[in-house]
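Observations on the three-dimensional arrangement
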Amino acid sequence: MPITFDASSHIFKLDTPSSSYAFMLFSENYLVHLYYGPKVPDIAPLAALMDRGSYDSFSPRNPALITDRSFSLDFTPQEFPGPGCGDYRIPAVEVRSPAGDTVTDFRYVSHKIYPGKPALEGLPATFAQEGEAETLEVEALDPVTGVKAHLLYTVFAQHDAIARSVRLENTGVRPVDLERVMSLCLDLPTMDYDLIHVYGRWAKENTTTRTPLRHGCQSFASRRGMTSHSYNPFAALLRQGAGEEQGEAIGVGLIYSGNFSFEVEVDHLGCPRLAAGIEPSTFCWRLEPGESFQSPEAVMVFSQQGLGGMSRTFHRLYNQHLIHGEWAHKKRPLLINSWEAAYFDFDAAKLVEFAQEAGKLGIEMLVMDDGWFGERCDDHRALGDWQVNEEKLGCSLSELIAGVNQAGLKFGIWYEPEMISPDSDLYRAHPDWAIATSGRVNSQGRYQYVLDMTRKEVRDNIFEQMAGVLGSHKIDYVKWDCNRNITEAASAALPPERQGEFFHRYVLGVYDLMERVTKAFPHILLENCSGGGGRFDAGMLYYSPQIWTSDNTDPIERLSIQFGASLCYPVSSMGAHVSANPRAGIATKGAVAMMGTFGYELDPRKLTEEEREAVKSQAAAYHKDYELIREGDLYRLTDSAENRNFCDWEFVSPDKERALFTRIIVRRPDLVFQTLRLRGLDPEKLYLEEETGRICSGALLMSAGPGLCVNPWATKDGDCIVRHYTAQP
Ligand code: DGJ
């Protein structure tokens, strides 16, 4: 049983294959956190070691425990702390009572342990069958407001991961306001950790930053309505001395696509508290008696193999227990997208020519990007008018698709369902459907407004328009784009006291629409996008197995963008295309896109003969290495942020029979011979290096390395080296 409750010590212990998490019921039913770290057999002695020796009168305590000098909420690690009773650190929850105060004090009432994992109402979350996971549900009550908390902890049998969320239920008789609901709170006993997360902007997402924890608060957040290019809802705490493949790492990922916040506070005693969840300054939720509020889910991962081990756990967990639907494990077609090849300048004849050329090269699907609907000749108009512009195409959509299919390719299409152009029939008919605040000028982003997705009639309209096209044509793929963030946030359909719910209701509305589209058209492969990686998060991954990682297709800049994304997200989810970008040759562009979904975004008619041959062999490599890249383990061997000359990575199949190593020469080095060790191979096995015919043991490759001699006279910046390894019988 991975979850146990010891009735004599009152300790809950949650065991994953190699980690343990524990908390206890302290006197007066406080939920006191005890431990998160490497797997341990016994926890009970820890309870006795909780005394932090801080006894002064400035650490107030419950009078029932006034003689217990080891206890004060001021320094006790807690599972679900609220403000106002002596815990002065960042709270996990804050409820404004009918009396107007925010004192919040949840105490244990009961618990149950059951197999499997419940779904979260209206929200994407990890899923598991009986036998794959076990769930602990702890009920705690704030007796003054009557709000009950259902704290959920799911332990996965095969992964060092624990999923957490909370549902708050108003069992009182008067409404309350939820001002803060964090999905996860984690108290740690020492501050010898570095905080790692990613930051960025449009076309430069996922730059990794690493800073030591220090006294006070460190935080990052999105208040843009979407997860954003600026920060990603993921953080890692790396124990001092830990690195890419060694030492302890704790990762936290939030399965959410809206405003979020990650905060770490190191208190006056040097103890960190990490809280992650919905961003509180843009959130306030009125909870009427009898109503419930479900928080998004957060996933905690523990690794003793550094960041790399943590990433691999996230990758496996998200591939097996988050991404769902037909396409989660089905082989995805090799696609070519029209955007960088044509932008808005296309008609059916041009797209069919693309398909014919692409088909000869082994490409399997053509995606018609932005520009096929309404009066959409540029980005100034027509979002919301999802009717095919036959005049622009020069034929019907069915005829275009038939032409593409005749060339042997499947067909995909672009949508931006959450947006409305001021110059659109939809806006002229329903100006109040755009998000706006009364009395203020409505800001535009890319000449567009955002639709009020909190309103069912808006979602119904967009769904019906989408279903009209998707249901009557042979469409195999949809790219769901989202090209601006929210401003002047308010809904004409919400009363003033509920406007604080707007941002979360927006996200729930988007999830509802995605759920309807994916349920109605389960055969369609959905790819999310938000001007590249503006909404690259685990919430979106639940609906779409792949997300366009960045609008930046420069293969060298893509290295750090994709490495940053791979901290938490599987390579199989990272949209990556070979484009006409001149920064490197087609081999390197292919090698970099291969660390992703792989596809093309260029005019295939303009390829040189040499490039056409390269594309043909890349298409063959796509099929050959598909399983290895999608199901294999990723090892980031060197990071271009640290090593200015090279960026190296490796995939190893789960059975260690195959491996793929890729090196990008970012800058031609001074030293010609570099020792680089492969990882994750079977030391006992002999591997054939396919490109050279050499046979080496796994032990040698992992100790002496593959022996890469980079000849400075024959090498250019931006070159690549690719090596395949196959275990010999
Ligand atoms: C932004 C996306 O990231 C691009 O790939 C493309 O789809 C454009 N939008 C189309 O407007």
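For the structure itself, look to the data block above.
Cut-offs and rules
Residues numbered from 1 in each chain as written. Predicted model: local features only at pLDDT ≥ 70, side-chain atom pairs only at ≥ 80, totals over all residues. Heavy atoms only, no water. Axes fitted to C-alpha atoms, helices over the stretch in contact; angles between N-to-C directions. Helix = DSSP H or I, 4+ residues; strand = E, 2+ residues; numbered from the N terminus. Contact = heavy atoms within 4.5 Å. Nonpolar A, V, L, I, M, F, W, Y, C, P; charged D, E, K, R; others polar. Salt bridge = Lys/Arg side-chain N within 4 Å of Asp/Glu carboxyl O. Buried < 20%, exposed > 50% of the residue type's maximum accessible area, 1.4 Å probe, protein only. Lys, Arg positive; Asp, Glu negative; His and termini not counted. Polar contact = N/O pair within 3.5 Å; in protein donor to acceptor, adjacent residues only side chain to side chain. Pairing = 2+ DSSP bridges. Core = buried A, V, L, I, M, F, W, Y, C linked by side-chain atoms within 4.5 Å. Phe/Tyr/Trp six-rings, centres within 6.5 Å; stacked < 30°, edge-to-face > 60°. Lys NZ or Arg CZ within 6 Å of the ring centre and 35° of its normal.

What follows is about the packing of helix α4 (residues 348–361) against helix α13 (residues 609–631). Across the interface, α4 lies against α13 with an axial gap of 8 Å and an inter-helix angle of 65 degrees. Across the interface between the two elements, Glu357, Lys360 and Leu361 of α4 pack against Arg612, Val615, Lys616 and Ala619 of α13. Split into classes, the residues belonging to the contact of α4 with α13 amount to 3 nonpolar, no polar and 4 charged.

In the structure shown here, the tally under the stated rule is 55 salt bridges. The shortest N-O distance in the salt bridge between glutamate 353 and arginine 605 comes to 2.8 Å. Of this pair, glutamate 353 sits in helix α4 while arginine 605 sits in the loop between β31 (599–601) and α13, and the two are 252 residues apart along the sequence. On the basis of relative accessibility, which here comes to 36%, the residue glutamate 353 falls in the partly exposed class. Among the ionic pairs, glutamate 657 bridges to lysine 685, the shortest N-O distance being 3.2 Å. Of the two residues, glutamate 657 sits in the loop between β33 (646–652) and β34 (658–665) while lysine 685 sits in the loop between β35 (673–674) and β36 (686–689), which places them 28 residues apart along the sequence. Connected through shared salt-bridge partners, Asp87, Arg89, Asp187, Asp267 and Arg273 make up one network.

A few words on the side chain of arginine 61. With respect to the element layout, arginine 61 can be found in the loop between α1 (44–48) and β5 (93–96). No salt bridge is formed by the buried arginine 61; the nearest opposite charge belongs to aspartate 68, separated by 6.3 Å. Of note is the side chain of arginine 61, whose polar atom sits 3.4 Å from the backbone oxygen of serine 59. For arginine 61, the side chain forms a polar contact with the main-chain oxygen of phenylalanine 71, separated by 3.3 Å.

This paragraph deals with the environment of valine 181. Position of valine 181 among the secondary structure elements: in strand β10 (residues 176–187). The class for valine 181 is buried, based on a relative accessible area of 0%. A sequence separation of 15 residues divides valine 181 from valine 166, and the C-alpha atoms of the two residues are 8.1 Å apart. Those residues in contact with valine 181, other than ones at most four positions away along the chain, are Ala92, Val166, Leu168, Ile278, Phe283, Phe293 and Ser295.

The strand order across the open sheet built from 6 strands is β32-β33-β34-β39-β36-β37, with neighbouring strands paired in antiparallel fashion. Looking along the sheet, the strands with just one partner apiece sit at the ends: β32 (633–638) and β37 (694–697). Taking each pair of neighbouring strands and ignoring which way they run, the sheet shows an average axis angle of 25 degrees. Strand contacts of helix α11 (residues 555–566): β32, β33 and β34, with the helix running at about 45 degrees to β33, the strand carrying the most contacts. Here α13 sits on the sheet in contact with β32, β33, β34 and β39 (719–727), set at roughly 85 degrees to β34.

An order of β29-β28-β27-β26-β23-β22-β21-β31-β30 is seen for the 9 strands of this open sheet, with the pairing classed as parallel. Each end of this open sheet is capped by a strand with a single partner; those strands are β29 (574–575) and β30 (578–579). Pairing of strand β21 (residues 335–337) with strand β22 (residues 365–368), which is carried by 3 bridges, proceeds in the parallel orientation. Considered in β22, the bridge of isoleucine 336 is made with leucine 366.

This part takes up the nonpolar core. Core analysis: the largest hydrophobic core is formed by 194 residues, its most contacted members being Tyr318, Leu400 and Ile413. At 9 residues, helix α9 (residues 502–520) tops the list of elements feeding residues into this core. Tyrosine 318 has contacts with Gly253, Ile255, Val299, Ile323, Ala538, Leu541, Cys568, Tyr569 and Pro570, leaving out every residue within four places of it along the chain. One finds Val652, Leu676, Leu701 and Tyr725 within the second-largest nonpolar core, a separate group that totals 17 residues.

A complete count under the given rule lists 40 aromatic pairs for this structure. With centroids separated by 5.4 Å and ring planes inclined at 75 degrees, the aromatic side chains of tyrosine 622 and tyrosine 626 adopt a geometry described as edge-to-face. Placement of the pair is tyrosine 622 and tyrosine 626 together in helix α13, with a separation of 4 residues, close to one helical turn. An aromatic cluster of three or more residues is present, and its members are Phe5, Phe12, Tyr21, Phe23, Tyr36, Tyr108, Tyr153 and Phe302. Its guanidinium or amino end placed over the ring of tryptophan 327, lysine 330 lies 4.3 Å from that ring's centre, counting from NZ or CZ. Geometry around phenylalanine 463 places arginine 516 over its ring, the cationic atom sitting 4.6 Å from the centre.

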